[in-house]
Amino acid sequence: MFTEEDSEIEMVVSQLENDEDMHYFLSYCRKRIEGLRKEAFSDLDKFIDSFSTRDFERRRRFTKIILDSADFSRFNPKTMSHNLNERG
């Protein structure tokens, strides 16, 4: 079932979908929408591992998009998972 939280994730996906470095993060978002939580977190871990070595500007851009989505959210957005907060 598509929820308001899912539409917030879709907003983030639309901003990142043309960035090949975001493959695992986009997969995480799509799997969360589909309700595949375990598989989603596996992709999120892969994203964190691969993205942590990217240059500062790429990491800053990603962080800005995620935090901007959190600013407009009435919920704790699914894009701000515990894994991302702890390891990101």
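Treat the numbers as computed from the prediction; the structure is a model and nothing was measured.

Draft legend 1. The arrangement of the packing of aromatic side chains in detail. Taken as a whole, this structure holds 7 aromatic pairs when the rule is applied. With centroids separated by 5.6 Å and ring planes inclined at 40°, the aromatic side chains of Phe 25 and Tyr 28 adopt a geometry described as tilted. Linking Phe 25 with Tyr 28, this pair stays in helix 2 (residues 23–34), spanning 3 residues, or about one helical turn. An angle of 45° between the planes, with centres 5.9 Å apart, marks the rings of Tyr 28 and Phe 41 as tilted. One end of the pair, Tyr 28, is in helix 2; the other, Phe 41, is in helix 3 (residues 37–51), with 13 residues separating them in the sequence. Summarising the burial analysis for this pair, Tyr 28 and Phe 41 share the class buried. Three or more aromatic residues link up through ring pairs in this structure, and these residues are Phe 25, Tyr 28, Phe 41, Phe 47, Phe 51 and Phe 62.

Draft legend 2. Looking closely at helix 2. Taking 1.5 Å of rise per residue, the 12 residues of helix 2 would be expected to cover 16 Å, and the 17 Å separating its terminal C-alpha atoms lies within 8% of that figure. Listed as buried for helix 2 are Phe 25, Leu 26, Ser 27, Tyr 28, Cys 29, Arg 32 and Ile 33. Backbone geometry just downstream of helix 2 places Gly 35 in the positive-phi region, at approximately 85°.

Draft legend 3. Representation of helix 3 in the model. Its 15 residues place the ends of helix 3 21 Å apart at the C-alpha level, agreeing with the 21 Å of an ideal helix rising 1.5 Å per residue. Among the residues of helix 3, those classed as buried are Ala 40, Phe 41, Asp 43, Leu 44, Phe 47, Ile 48 and Phe 51. One side of helix 3 carries all its buried residues, which in axial view fall inside an arc of 160°.

Cut-offs applied
Numbering of residues starts from 1 in each chain and follows the order in which that chain's sequence is written. Local features are withheld for residues below a pLDDT of 70 in this predicted model, meaning they are given only at 70 or higher, and side-chain atom pairs are given and counted only at 80 or more; totals for whole chains, interfaces and linings count all residues. For the side-chain quantities, the full set of heavy atoms in the structure was used; hydrogens and water were omitted. Stacked, edge-to-face and tilted are the three classes for Phe, Tyr and Trp ring pairs, Trp counted by its six-membered ring, which pair at centre distances within 6.5 Å; planes under 30 degrees apart are stacked, over 60 edge-to-face, the rest tilted. Numbering of helices and strands runs from the N terminus, with a helix taken as a DSSP run of H or I at least four residues long and a strand as a DSSP run of E at least two residues long. Only protein chains enter the calculation, and the probe is 1.4 Å; a residue is then buried if its accessible area is under 20% of its type maximum, exposed if over 50%, and partly exposed in between. One less than the residue count of a helix, multiplied by 1.5 Å, gives the span that helix is expected to have. Working definition: the arc comes from the directions between the helix axis and the C-beta atoms, pointing outward to the latter.

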